[in-house]
Structure formats: structure tokens, C-alpha cells
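Okay, here's what each chain looks like letter by letter:
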Amino acid sequence: MSHHPPGSEDVDLAVIGAGINGLAIARDAAARGLRVVVADRADLGSGTSSTSSRLIHGGLKYLERYDFRLVRESIRERHLLFRTAPHLVHHYPMLIPFYAGDSRPGALIRLGLAAFDVMAAGRGQGRSRGVAVREVARRWPGLSTQGLRGAALYHDAQVPWAERLCVELFLDARRLGARVLTYTTVTGLLLDGDRVAGMRVEDNRSGAAAEIRAAVTVNAAGPWIDTVLDGQVASRRLNGGTKGSHVVVDPFPGAPPTCIFFEAAADRRPIFVFPWEGRYVLGSTDLTYEGDLDEVVASDAEIDYLLAETNRIFPSAGLTPDDVLYSVAGIRPLPYTAGVSDNAKISRGHTVHSHAPAHPGLITVIGGKLTTHRALAEDVTDEVLRTLGRGRRRCLTRRRAFPGADTADWPAFARDFVRSSPLTPARSRRLLDVYGVRARRVLDLAAEDPSLAEVVDEESGALAAEVVLAVREEGAVTLADVLLRRMLVGLGADMGLSAAEACAGVAVRHLGWDDARARDELAAYEAELRRYRPRALATPASPPSGDRRTP
Ligand SMILES: Cc1cc2nc3c(=O)[nH]c(=O)nc-3n(C[C@H](O)[C@H](O)[C@H](O)COP(=O)(O)OP(=O)(O)OC[C@H]3O[C@@H](n4cnc5c(N)ncnc54)[C@H](O)[C@@H]3O)c2cc1C
């Protein structure tokens, strides 16, 4: 289990934050032989990493800003992920319709796609192509053809369960020797004079404090990087993250078979309507945010904007706020850029910021995408090795399979699994999508104890064994960790509320929880869901918002 009380210790590298970037850094550094400890005040991937659009994108959008370096990096990382995590990262076609009056003319988009195809040659899923209005009307009949000038179809990638990317990075980092402490808050930095010599941590549950002394400390706290530094070391503001929200709805009249990437009429920003696990996600917004980083909730204005834009290009959709199953909001960790008038202009690349010479031993990670987490980790680990004076050690993560892809032939494994599994093909495929080859562990647990073969969530068909796997082997501590970031039944239509009691019951019978703990966990789960404004719970009135501009 990842939540064990931290003891005072000496390591090479202390990492603050177990989002996708902190975990990727831990994995890379451990693979290169460093002794690593990671601390997160909450669960793995429970910050920004669980609020994304779930795209592993080649970076087409960055061409608009001529950021060729980031496009090249994104294309390369997408290509590597197709190989190292084929169970989690899937080919994802996207249609870009061009309408009269769009600020980006179709010819310009086609030119951009042609350049993108050249850059992605041999590392993509096929070339983009133009789509005539007649074909759009036939294959995407729900899409408005009023003012439609044509469209382009291009190929990108989706990671439907981004949370599992984090879990698997954790599993691999741990396998390589890294220690990951969740529910362990970094309360301060240890200073030897100006030199940063590690971190002070506190166990959230017991309140026990400890010092983790480290030769290098990496602040990978995503949008919280300034909060971590505040009052500890002198630093200018580093994070200027923008708020992004999505809404999740059931299939609606005219809903498209593929992702539609289109220009919003209200503010000319590119936004998506995309199929996701049998539902649709509409998103995202991009707002300057100065509010509380711990209280980020989609506002009514953002929800109205996303619904209105979707209803505009899907005239039969007729979506209203009552159709929203839940919303997801997060803060993109982006570099602070003073006086920026257009958030789209803020760089989406990452920076490895060394605080030396003012504060040697401290590195802060600014920015970084899901897509480029591995490249970011490689850059950070190179810098850590330089700081340690250890010389270059080859990065091993480019070809290293994720734990769920640890097989010589993934398609053959998946075929055999579905054939030999006692479950229905649909339920077997869900296990493969969530756990990869580790789906076998779920079936093994269910075979050892038939009570663990019981279905705990009718919608997904998830098994009781998954609750046990999550806590015993995947670092889950709370019911919310299990439902939202391991089994993912918490991302279903009712956010797992109908499955929560059954899952807590499994924990009582198999994991040593008592009834009081189960009750507390259920209450805490509902409390954690409030930030998603789920329809299944009475939706509260619009929360106070720190957004500076409404869309
Ligand atoms: C709306 C939106 C859409 C996006 N879409 C995409 C997309 O489609 N594709 C893509 O590639 N990227 C996307 N991104 C970007 C991507 O999600 C983030 O860049 C990435 O998840 C950042 O990961 P991180 O590990 O740096 O930060 P986080 O995931 O936020 O992790 C930081 C961690 O630090 C911890 N922490 C904070 N303070 C402390 C403390 N004092 N002590 C201990 N721990 C602490 C937090 O608990 C958290 O777990 C999107 C982001 C948003 C918001």
C-alpha cells in the first residue's frame, strides 16, 4: 500500500506531487538507479491529471503558434505511447468542420494538416484527408451543414482512462524501487543555508511529521508549485495556469460517431465534442483563474457556453443543463505570463526550472501535458543527474512497456483473454481496457474466492475483486481512490453512487474496514463528488467562481 507513515530517511531524489509528471519522474529516476521518494497530499493522479480532455495529441494546435519543437515532441511521445501502453492509448480520428465565418479558413487548416502529416510521417495512424460536404452529411448526419464549406479528418489518440496511466506509472516506479507516499502533505522544504536538502512531510491521517532528506528535490506539484514554494524560498510567480472545464452527457440526437473539433462561435476557440466510453464529453474552456486552487468547479457560465456551442453545430441535440451528468474542471499548469490577453498564446511546453544558484538542490517543473509526461521526466532526470554530478545515464523509458502492456504480443494476449475469460466479451474487454494484462490478476482473485466474482456495478460489470486489487496492489486508500481512479466506475452516469455501498461492503469483508469506516468513506466519497456537480446528487447552485473572464 502506498499510504504508509513516512519515516525520516535519506534519498537521492524527493519528488513533490504524484500527478502524471511526478510519477513519471519517479519512474525514470528509479530506472536510472536513483533512490526516490514521492509524496502527494492526496491520491495518485487526483489533481489536474484526472481533469484533462484525455487526448494524447500530436499537437496540431501548437502549429498555430509555430511551436514546432512541441509538435515534434508530442508526435514522438504519442508514437511511443502507442507501443508502450497500447491497452490505454488508442487511435482516435477527429473531424474538423469548416464553416463560413470561422476565423481559421479551411485552406489554412488543410495547410496545417499537410505540415502536420509531414512531421508525423511514419509515426502517425495515417494521413489526414479532406472531406466534402456531401460526405459529412452522410457520415455525420447530425452536424449542421448550414454554412459548411467542407471538413478534414485527421488522426490523433485518446487515453480514455488517463487515471490508469498514473496508476501504471506508480506500479512501475514502485517496481523499480521508488517509494510513493500518498495522503502525505509536503509542509515545507528542508534548508541547509540556501541549499534545499529535502522536504518536511506530514501524514494526513495520523498527523505524524517526518523529514525526508534528499540530494535533490523536485517540485512537481502541477498548478500548486507556487503554493509549495511560498514562504520557503524566494521565487517569482511560476504558475499561470488557466481553468478548463468539460461536461459529460449521454448520447444525444445527432451525436457524432467521431470526435468533432470545431471553432466556438462565441470566442473563436477550438473546442471538442467527443465520444468517450459510451457518452460524450464537451470541452473545454480556457479561463484566467485567480481563485482557490482547491475549489475548482465548472461554473454555470462555462456549462452554458459548452452546451450552446454544441447545440449550435448539432441542431437536433437540444441539450440543456439537466442533461449534464457531471462536469470536470481543472487548472492547466502553465507558465506564468504577465499581461497575456489571449490564454491560447501561453506556451503549452514544459520548463525544468533550477532554483540554483539562489537555492541549489531544488528544481521546479513548470507546465507539461499528459502527452509529454515521459519526455518531461527524461528532461528532469537528466537535470537531476547533472545536479548530482553523476554523469549521464541512459534514459530507459522510451521503450519500456507499461505494466499493463507487459507482453510480447498485446493483440494476441487480448484475443486469448476474451476467448478464455469466464465473463462476457464486453466485460472481458472492459477489464482489458482498464488493466491491460493485469486483467488476469482480477480473474485470479475472483477464482481464488468466488465472492470476489460478484458484480458490484451493473453498468460496467465491474467485479468485487477489483476493489481488493485496488487497495492491496494499486495503492488505493479511500473509497474515492477505488471508484474514481482505479476501477473508474465513479466516472459512469451516476458517478458510481449506486456501486459505492457494494464496494464499501467488499472492503469490510475483505480489507479489514469496520462499519464505521465504511460509513465515513461513503460520506467522504459524496463530499469528493461535489466538485463534479453530479446530477445524481442534488446539484447545488452555481458555486462562487474565481474565473476572471466568462466565455
Ligand atoms: C481542462 C484540461 C484539459 C487538458 N487536456 C489535456 C489533454 O487532452 N492532453 C494532455 O496531454 N494534457 C491535457 N491537459 C494537461 C494535463 O492534464 C496536465 O498538464 C497534467 O495532468 C499535469 O500533471 P502534473 O503531474 O504536473 O500535475 P497534477 O496532476 O496536478 O499533480 C500535482 C500533484 O501535486 C500534489 N500536491 C500539491 N500540493 C502538494 C503538497 N503540498 N504536498 C504534496 N503534494 C502536493 C497534488 O495533490 C497533485 O496530485 C489538460 C489539462 C486541463 C486542466
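A quick note: this is a predicted structure, and the numbers were derived from the prediction, not measured.

We now examine helix 11 (residues 425-435). Looking at helix 11, one finds that the buried residues are Ser-428, Arg-430, Leu-431, Leu-432, Val-434 and Tyr-435. Tucked inside the fold, the buried residues of helix 11 contact helix 6 (162-175), helix 10 (410-420), helix 12 (439-448), strand 20 (462-463) and helix 13 (464-473). One or two positions beyond helix 11, positive phi appears at Gly-436, with a value near 60°.

This paragraph deals with the site of the ligand. Taken together, the neighbourhood of the ligand is formed by 35 residues, with Asp-40, Thr-48, Ser-49, Gly-368 and Thr-371 sitting nearest. A distance of 2.7 Å is found between a nitrogen atom of the ligand and a backbone nitrogen or oxygen belonging to Leu-55. Here the ligand has 1,000 Å² of accessible area as a free molecule, and 96% of this is covered by the chains. Listed by contribution, the elements that provide at least two residues to the shell around the ligand are helix 1 (20-31), strand 8 (184-192), strand 11 (242-249) and strand 16 (324-332). Grouping the amino acids of the shell around the ligand by side-chain chemistry returns 12 nonpolar, 18 polar and five charged.

The next subject is the domain arrangement of the protein. Accessible area lost on assembly of the parts is the figure often given for the size of an interface. With domains assigned, the protein is organised as domain 1 (9-49 + 163-240 + 347-388), domain 2 (85-160 + 241-333) and domain 3 (449-532). The gap between the C-alpha centroids of domain 1 and domain 2 is 33 Å. At the junction of the two partners, domain 1 supplies 16 residues and domain 2 supplies 12 residues. Where domain 1 abuts domain 2, roughly 1,200 Å² becomes buried across the two surfaces, and 53% of that area is made up of carbon and sulfur atoms. Of all residues in domain 1, Leu-165, Pro-223 and Arg-348 bury the most surface against domain 2, accounting for 31% of the area lost on that side. Between the two partners, domain 1 and domain 2, sit six residue pairs in polar contact (both at pLDDT 80 or more). A breakdown of the residues in the side of domain 1 that touches domain 2 according to their chemical character gives four nonpolar, seven polar and five charged.

With that settled, consider the environment of Tyr-305. Topologically, Tyr-305 is positioned in helix 8 (residues 300-313). Each C-alpha atom of the pair Tyr-305 and Ala-265 lies 9.9 Å from the other, and the pair is 40 residues apart in sequence.

This brings us to the pairing of strand 2 (residues 36-39). The alternating pattern of strand 2 places Val-36 and Val-38 and Val-37 and Ala-39 on opposite faces, both of which are buried. Bridging between strand 2 and strand 7 (residues 179-181) involves three bridges; their strand directions are parallel. When the bridges of strand 7 are listed, Val-38 appears paired with Val-180.

Below, the discussion takes up the nonpolar core. Looking at soluble globular proteins, one finds that nonpolar side chains tend to be buried together. By size, the foremost hydrophobic cluster in this structure holds 78 residues, and its most contacted members are Tyr-326 and Met-487. If you count residues domain by domain, this core takes at least three from each of domain 2 (85-160 + 241-333) and domain 3 (449-532). Those residues within four positions of Tyr-326 in sequence are excluded, and the remaining contacts are His-246, Val-247, Val-248, Trp-276, Leu-491, Gly-492, Met-495, Tyr-532, Arg-533 and Pro-534. Membership of the second largest hydrophobic core comes to 45 residues, among which are Ile-20, Val-159, Ala-162 and Cys-166.

Here we come to the UniProt feature "domain: Alpha-glycerophosphate oxidase C-terminal" (unreviewed entry) in the protein. Per the UniProt annotation, the sites labelled "domain: Alpha-glycerophosphate oxidase C-terminal" (unreviewed entry) are residues 395-517. Counted over residues 395-517, helix gives 54% and strand 4%. Its end C-alpha atoms are 43 Å apart.

Here we come to the side chain of Asp-156. With respect to the helices, strands and loops of the structure, Asp-156 is situated in strand 6 (residues 148-158). Taking the relative accessible area as the measure of exposure, Asp-156 reaches 1% and is therefore buried. A polar contact of 2.9 Å, which involves the side chain of Asp-156, links it to the side chain of Arg-78.

This next bit is on the UniProt feature "domain: FAD dependent oxidoreductase" (unreviewed entry) in the protein. Mapped onto the present numbering, the UniProt feature "domain: FAD dependent oxidoreductase" (unreviewed entry) falls at residues 12-373. Between the end C-alpha atoms of residues 12-373 there is a gap of 21 Å, over a span that is 25% helix and 31% strand.

Oppositely charged side chains are able to pair whenever their charged atoms sit close together. Counting across every chain of the model gives 45 salt bridges. Across the pair Arg-312 and Glu-309 runs a salt bridge whose closest N-O atoms are separated by 3.0 Å. Of this pair, Arg-312 and Glu-309 both sit in helix 8, separated by three residues, roughly a single helical turn. Overall, Arg-312 belongs to the partly exposed group, its relative accessible area being 36%. Its salt-bridge partner being Glu-458, residue Arg-427 comes within 3.9 Å of it at the nearest N-O pair. Of this pair, Arg-427 sits in helix 11 while Glu-458 sits in the loop between strand 19 (455-457) and strand 20; the two residues are 31 residues apart in sequence, bridging distant segments of the chain. When salt bridges that share partners are traced, they join Asp-43, Asp-481, Arg-485, Arg-486, Glu-528 and Arg-531 into one network.

Turning our eyes to something else, we now look at the side chain of Arg-438. Mapped onto the elements, Arg-438 comes out in the loop between helix 11 and helix 12. Excluding residues within four positions of it along the chain, Arg-438 makes contact with Arg-164, Leu-171, Pro-403, Gly-404, Leu-469, Glu-473 and Glu-474.

Our next topic: the environment of Arg-535. Here Arg-535 is to be found in the segment after helix 16 (515-529). Classification of Arg-535 by relative accessible area gives partly exposed; the value is 42%. With 211 residues separating them along the chain, Arg-535 and Val-324 place their C-alpha atoms 6.8 Å apart. Filtering out sequence-adjacent residues up to four positions away, Arg-535 remains in contact with Asp-322, Asp-323, Val-324 and Leu-325.

Among the secondary structure elements, Ala-499 is positioned in helix 15 (residues 497-510). Along the chain, Ala-499 and Ala-462 lie 37 residues apart, while their C-alpha atoms are 9.3 Å from each other.

Where helix 12 contacts helix 13, the axes come no closer than 9 Å and their chain directions differ by 115°. With respect to their mutual orientation, helix 12 and helix 13 come out roughly perpendicular. Crossing angle aside, the handedness with which helix 12 passes helix 13 is right-handed. Across the interface between the two elements, Arg-441, Val-442, Leu-445 and Ala-446 of helix 12 pack against Ala-465, Glu-466, Val-468, Leu-469, Arg-472 and Glu-473 of helix 13. Across the contact of helix 12 with helix 13, the residue classes tally to six nonpolar, no polar and four charged.

By the definition in use, this model includes 10 aromatic pairs. Look at Phe-261 and Phe-272: their rings are 4.5 Å apart centre to centre, the planes differ by 10°, and that puts the pair in the stacked class. Of this pair, Phe-261 sits in strand 12 (residues 259-263) while Phe-272 sits in strand 13 (residues 270-276); the two residues are 11 residues apart in sequence, bridging distant segments of the chain. The two residues Phe-261 and Phe-272 agree in class, both being buried. Over the aromatic face of Trp-224 sits the side chain of Arg-41, whose NZ or CZ is 4.7 Å from the ring centroid.

Rules used throughout
Residues numbered from 1 in each chain as written. Predicted model: local features only at pLDDT ≥ 70, side-chain atom pairs only at ≥ 80, totals over all residues. Heavy atoms only, no water. Buried < 20%, exposed > 50% of the residue type's maximum accessible area, 1.4 Å probe, protein only. Helix = DSSP H or I, 4+ residues; strand = E, 2+ residues; numbered from the N terminus. Contact = heavy atoms within 4.5 Å. Near = heavy atom within 4 Å. Polar contact = N/O pair within 3.5 Å; in protein donor to acceptor, adjacent residues only side chain to side chain. Areas by Shrake-Rupley, 256 points an atom, 1.4 Å probe, with all protein chains shown as cover. Nonpolar A, V, L, I, M, F, W, Y, C, P; charged D, E, K, R; others polar. Domains from an automatic or database assignment. Buried area = accessible area lost by both parts, 1.4 Å probe. Pairing = 2+ DSSP bridges. Core = buried A, V, L, I, M, F, W, Y, C linked by side-chain atoms within 4.5 Å. UniProt positions renumbered as here; feature names shortened; annotations may be inferred. Salt bridge = Lys/Arg side-chain N within 4 Å of Asp/Glu carboxyl O. Axes fitted to C-alpha atoms, helices over the stretch in contact; angles between N-to-C directions. Parallel < 35°, antiparallel > 145°, perpendicular 65-115°, else oblique. Left-handed = near helix turned anticlockwise from the far one by under 90°. Phe/Tyr/Trp six-rings, centres within 6.5 Å; stacked < 30°, edge-to-face > 60°. Lys NZ or Arg CZ within 6 Å of the ring centre and 35° of its normal.

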